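So you can see what is in the structure, the chains are spelled out below.
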Amino acid sequence: MLTLISATRFELLEDRLLESLMQPDGDPFAAATVLVPSAAIRQRLALAVADRHGVCAQIEFAFLAQWLWRQIGALLPDVAERSPYDPATLRWRIDACLATLAHERAHPRLAGWLAGADAAMRFALADRLAGLFDQYLTYRPDWLAAWSGGGVRATAAEDVDGRADELWQAALWRMVEAGLAAPQGSSRAPVQDFLAALARGVTPAGLPGVVRVFCVPAMPPLYLELLCGLSRRVEIELFVLNPCREFWFDLASQREHARRVVRGDAAHLEVGHRLLSAWGRQTQTWLALLLARDEGFDLHELDPPDPAPAQAPASLLARLQDGVHALHDPAPGTLADLAGPDASLQIHCCHSLLRELEVLHDCLLTRLAGAGAPAPHEILVVVPDLLAAAPLIEQVFGTAPRPLALPWSITGLPATAANPMARALLAVLEFASGRMPLSGLLAVLQEPPVAARFGLADGALEDLAGLLRDADVHWGLDAGHRATLGLPATERSSLRDGLERLWLHFALPEGAQQPWQARLPAAGSYPDPDLLNSLHEFLAGIDTLRQRLAQPLAPADWLDLLEATMVGFLDDARGWLAARAALRADLRAHALEFADAGVAGALEVPVLLQALRERLQGGASGGVPGGAVTFAALPSLRSLPYRMVCVLGLDDGVFPAAARPLEFDLIARSPRAGDRQRHDDDRNLFLDLLLAARDGLYLSYSGRSARDNAERPPSVLVADLVDTLAAALCPAGADGRERERMRARLVCQHPLQPFDQAYFDGSVDRLPRSHRADLAAALRARAAAVPALLSTPGGSAADAGDDDLEAADIDDASLTSASQSPFLAVPLAPPGPEWQVVEVERLARFLQHPGRTLLRERLGLRLPEREIDGLDDEAFLPPWPAPEALARRLLPLLLAAPDSDAAALRALATAAADFPQG
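Scope of this entry: the structure provided in the associated data block. What you see is a predicted model, and the numbers here were worked out from it, not measured in a lab.

**Looking at the overall build of the chain**
Of the regular secondary structure elements, the chain holds 38 helices and 13 strands. When the 918 residues of the chain are sorted by exposure, 44% land in the buried category. Look at the contacts in the chain between residues 6 or more apart in sequence, and 75% of them connect residues 24 or more apart.

**Structural notes on the pattern of salt bridges**
On inspection of all chains with the given rule, the structure shows 39 salt bridges. For Asp 15, the salt bridge goes to Arg 52, with nearest N and O atoms at 3.5 Å. Taken together, the positions of Asp 15 in helix α1 (residues 10-21) and Arg 52 in helix α2 (residues 39-53) put the pair 37 residues apart, joining distant regions of the chain. A salt bridge links Arg 82 to Asp 596; its shortest N-O distance comes to 2.9 Å. Note that Arg 82 is positioned in the loop between α3 (64-75) and α4 (87-101) and Asp 596 in helix α26 (residues 577-597), a separation of 514 residues in sequence. By relative accessible area, Arg 82 is classed as partly exposed at 43%.

**As for the sheet that holds strand β1 (residues 2-7)**
Pairing is parallel in the open sheet, where 6 strands are placed in the order β3-β2-β4-β5-β1-β6. Since the sheet does not close on itself, it has two edges, and those belong to β3 (59-63) and β6 (297-301), each with one partner. On average, each strand axis in the sheet is inclined to that of its neighbour by 20 degrees, with strand direction left out of account. Helix α13 (residues 281-291) contacts β1, β5 (235-241) and β6 of the sheet and is inclined by roughly 150 degrees relative to β5.

**Observations concerning the packing of α1 against α2**
Closest axis-to-axis distance for the α1/α2 pair is 11 Å, and the angle between their directions is 60 degrees. Accordingly, the angle class assigned to the pair α1 and α2 is oblique. Relative to α2, the crossing made by α1 is right-handed. Here Phe 10, Glu 11, Glu 14, Asp 15, Leu 17, Leu 18, Glu 19 and Leu 21 of α1 lie close against α2, whose contacting residues are Ile 41, Arg 44, Leu 45, Ala 48, Val 49 and Arg 52. Per-class residue counts for the contact of α1 with α2 are 8 nonpolar, no polar and 6 charged.

**Here we look at helix α25 (residues 555-569)**
If you check α25, its first and last C-alpha atoms are 21 Å apart, about what 15 residues at 1.5 Å a residue would give, namely 21 Å. All buried positions along α25 are accounted for by Pro 555, Trp 558, Leu 561, Leu 562, Thr 565, Met 566 and Phe 569. The arc that holds every buried residue of α25, seen down its axis, measures 140 degrees, which confines them to one face. Buried residues along α25 sit against α18 (420-432), α20 (448-453), α24 (529-549), α26 and α27 (605-617).

**Digging into the packing of aromatic side chains**
Applying the stated rule across the entire model yields 21 aromatic pairs. Consider the rings of Trp 92 and Phe 594, whose centres lie 4.9 Å apart with planes at 50 degrees: the pair is tilted. Separated by 502 residues along the polypeptide, Trp 92 in helix α4 and Phe 594 in helix α26 bring together distant segments of the chain. For Phe 594, a relative accessible area of 3% corresponds to the buried category. Ring geometry for Trp 168 and Phe 664: centres 5.7 Å apart, planes at 65 degrees, overall edge-to-face.

**Thoughts on the side chain of Ser 702**
As for its position among the elements, Ser 702 is in strand β12 (residues 693-702). Ser 702 gets classed as buried once you look at its relative accessible area, which sits at 8%. There is a polar contact of 2.8 Å between the side chain of Ser 702 and the side chain of Glu 356. If we skip the residues at most four places from it in the chain, Ser 702 touches Cys 350, His 351, Ser 352, Leu 353, Glu 356, Asp 651 and Arg 712.

**Re α26**
Here α26 contains 21 residues, and its C-alpha end-to-end distance of 31 Å stays within 8% of the 30 Å for a straight helix at 1.5 Å per residue. If you check which residues of α26 are buried, you get Ala 579, Arg 580, Leu 583, Leu 587, His 590, Glu 593, Phe 594 and Ala 597. Along the axis of α26, the buried residues cluster in a sector spanning 120 degrees; they form a single face. In α26, the exposed positions angled more than 90 degrees off the buried face are occupied by Ala 578, Arg 588 and Ala 595. Those residues of α26 hidden inside the fold are in contact with α4, α18, α25 and α27.

**Examining the pairing of strand β4 (residues 210-214)**
Along β4, 5 of the 5 residues are buried, which leaves the element largely enclosed by surrounding structure. Residues of β4 alternate between two faces, with Val 210, Arg 212 and Phe 214 on one and Val 211 and Val 213 on the opposite face, all of them buried. Relative to β4, strand β2 (residues 32-36) runs parallel, the two sharing 3 bridges. When the sheet's bridge partners are listed, Val 34 is paired in β4 with Arg 212. As paired strands, β4 and β5 are joined by 5 bridges and run parallel to one another. The partner of Val 211 across the bridge, within β5, is Ile 236. In this fold, the crossover linking β4 to β5 by way of helix α10 (residues 221-230) has right-handed handedness.

**Overview of the sheet that holds strand β8 (residues 379-383)**
Here we have 7 strands laid out as an open sheet, ordered β9-β10-β8-β11-β12-β7-β13, and parallel in their pairing. The open sheet terminates on both sides in strands that have one partner only, identified here as β9 (408-410) and β13 (747-749). Each neighbouring strand pair of the sheet contributes to a mean axis angle of 20 degrees, computed without reference to strand direction. For strand β7 (residues 345-350) and β13, the ladder comprises 3 bridges, and the chain directions are parallel. Bridge pairing in β13 links His 348 to Cys 748. Across the sheet, helix α16 (residues 386-397) is in contact with β8, β9 and β10 (629-633); its angle to β9 comes to roughly 160 degrees. Against the sheet, helix α31 (residues 736-746) makes contact with β7 and β13, and its axis sits at roughly 65 degrees relative to β13, the strand it touches most.

**Brief notes about the pairing of β1**
For β1, the buried fraction is high: 6 of the 6 residues fall into the buried class. Neither face of β1 is exposed, since Leu 2, Leu 4 and Ser 6 on one face and Thr 3, Ile 5 and Ala 7 on the opposite face are all buried. Two elements, β1 and β6, share 5 bridges in a ladder whose sense is parallel. Bridging across to β6, Ile 5 finds its partner in His 300. Bridge count between β1 and β5: 6 bridges; the pairing is parallel. Across the sheet, residue Thr 3 finds its bridge partner in β5, namely Glu 237.

**Notes on unusual backbone geometry**
A cis amide bond, omega -5 degrees, links Phe 655 with the succeeding residue Pro 656. Checked against the element boundaries, Pro 656 lands in the loop between β11 (642-647) and α28 (666-669). We note that Leu 327 has phi near 60 degrees; this positive angle belongs to a residue other than glycine. When you line up the elements, Leu 327 lands in the loop between α14 (316-326) and β7. Here Leu 327 falls in the partly exposed class, since its relative accessible area comes to 22%.

**Some words on the environment of Leu 345**
Here Leu 345 is to be found in strand β7. When its relative accessible area of 5% is taken as the criterion, Leu 345 is described as buried. Measuring from C-alpha to C-alpha, the distance between Leu 345 and Leu 320 comes to 9.8 Å, with 25 residues separating the pair along the chain. Every residue in contact with Leu 345, bar those within four places of it in the chain, is listed here: Leu 316, Leu 317, Leu 320, Leu 697, Leu 721 and Leu 725.

**Describing the environment of Ala 106**
The residue Ala 106 is located in the loop between α4 and α5 (108-115) in this model. Here the alpha-carbon distance between Ala 106 and Leu 167, two residues 61 residues apart in the chain, equals 9.0 Å.

The rules behind each value
Residues numbered from 1 in each chain as written. Predicted model: local features only at pLDDT ≥ 70, side-chain atom pairs only at ≥ 80, totals over all residues. Heavy atoms only, no water. Helix = DSSP H or I, 4+ residues; strand = E, 2+ residues; numbered from the N terminus. Buried < 20%, exposed > 50% of the residue type's maximum accessible area, 1.4 Å probe, protein only. Contact = heavy atoms within 4.5 Å. Salt bridge = Lys/Arg side-chain N within 4 Å of Asp/Glu carboxyl O. Pairing = 2+ DSSP bridges. Axes fitted to C-alpha atoms, helices over the stretch in contact; angles between N-to-C directions. Parallel < 35°, antiparallel > 145°, perpendicular 65-115°, else oblique. Left-handed = near helix turned anticlockwise from the far one by under 90°. Nonpolar A, V, L, I, M, F, W, Y, C, P; charged D, E, K, R; others polar. Expected span 1.5 Å × (residues − 1). Arc of directions from axis to C-beta. Phe/Tyr/Trp six-rings, centres within 6.5 Å; stacked < 30°, edge-to-face > 60°. Polar contact = N/O pair within 3.5 Å; in protein donor to acceptor, adjacent residues only side chain to side chain. Right-handed = clockwise from strand over helix to strand, strands pointing away.

Quick look at the structure:
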């Protein structure tokens, strides 16, 4: 029997599940089964059970797809424990099949692409096809059944490319199935045979009495069919988070409704709540598919009735959420009584993601200092690209001074970001198999496990970088390594050449300038022999690793090489034990891919590296909430309620992500109801986050260019929300100008810099006050340093320390004066005669960097600059100071010997040949 339990709030479903777990399921010794969509919800439920009953035991938490495959294996013979159609395994089989199809002329569209592809490109295609076939298995099993029988689906005659793509995909699928051929009499279609067995009344062994499926945000039609089939043999309780307690399955977005009106089939549709109809399509579709089935099921709705008018929520966020739950569209003027300041829903416009994090930090400090503030673990911060945001989060929240520090954690990072051993291993392998530039060498040696292994203490790497630059090192291990890349076998400017010149500089007497065996010593400071010895040991290991990576490797040899690389390049101190164990677990899972796919032959190293990179960088095992402010990817903690939900990075084109299906994706060419669409998934995710916020929703985006302050549009979701709220907050009958003013009030515009005086003097309405006492002190010091402003009241610097300076104690007048003071207190002296005629070079430098020209040539200031340009490329032509440097080196030699002296000529030739190193 199937029981559908729906609610608009997560807490109601959670309480009902806890009550259900207390009911006997039949066998008192069997564990209760709860199917969850994520590790975060699994942890939340386990803690809830333990909190209520003192312990969480005899409960099996599992994921829906994995649990269903186990039931198929329990009913059908010869079904593997792990699905052979898992994309990580299937891609290896597809790669082998593509190598065969590349020589077949029956599929010119595929063969033409494979003809120009190398092994790495072919494997990348196999990886995409494995994910595509996984979608076919879930959403188009009828297609695969037709392909297995030698047929094809019905394709429109005008879709020539679609027809051609189907032909080679069908041929490829038959080849994959032939490689998966089971013993005679076994099945190649386990899902269909499983459903047929259930229809005959067969029950899988070990099936629990009650199966609880909790809070799955969306369900493919195939999974829904399997659950309905199982509901004839066992009781299925389906806990569904429904955003609306009314019947809303006939709603359509305004755009879709207008399109259907034109087509003439919109008689049963209505727009209803505009945000719900536009954002909730994914949940609407799969719930409609469930309700449309002929299966008999019980329906339980847990939501309380609509609140009385006197008990209506007071905050803007609560009113907005209640409108979604009750299907009350926020018509113009319906929220006019909330037009005043309301901190429950904030929208911030900044110049970059870094500024978004800085503003969030200040806003969280203000929120946590107020009355009724949430605890840090009740605050969730999500971003579309967690991997790119992680170093910025560390920069803002990890370096805050002690009085402003907040407890925080990042969850859901991939292995290369969360595990330093995994990141270091991948960096060493990629460096040894590549061009070996100087920047790459310094990046590898910066990895903490590598630096510890070779004894590079703090500051040693900076010294080594300076030595290598003085030795004119740019790229390549040696002449032999360069020859393997198809380039001239020259030793100069290579790593080995630089190391030998550094040793020569160490061995020769100080100040020696004569070449030794046609090689000049490196210039610069005296090298540390221990540092050179560490570099020599590292390069020797890299040379051995490079030679092993030059030949194809069998999977067993590849795994042995990974283990040897860990031993040779990564530190084995006790502090790395947990990271090393996690890395070895990832490598064991990597080995299972080869074993399950039956890969035995040698594989190209670029393919092996690509597969390892995807395993270590491809994604995390799933984020879980912690006891602090939690940063996570957008879908990691989906559906979990938090008192404050913060969504950052809501830029146009970033979220929702642009839908770009593969060129050969047949599902995109022939969509059906229930298909997973990335566009709809992101919109529904945003709706879930809006409804998960209990006290506050914080949204921010980069709406201004940091270069020229040009305006950038926000995400279409933010634009829809602002338009809806602006119309609802304005009085009924307000004109467009009034709505535009309301839009401007809803979005807080932030300055480019965190030290802008507006953060300290309160001159801009709704702009949060800064908590940075160091910036306030700097502004005070600037005001006191300008003689023309010394007479300003409060303009002198305060004697109090930085730790005692609070935002509320800052003198607004002094900060305003400091912000308005000119960069130059007095006019510059008139330019001299040398400025009357401008050379072309000086004019070019001015046009390239006017500010730099002013500082250097008029004020005599030379700011330090990082040496980045040309770090990895040797100089084929000398730079503009070269002739003068060459003259200083050669003239003493020429003047000290007669013109006919052969020694002077040899010295001249040697010095000229080695000039780039000099």
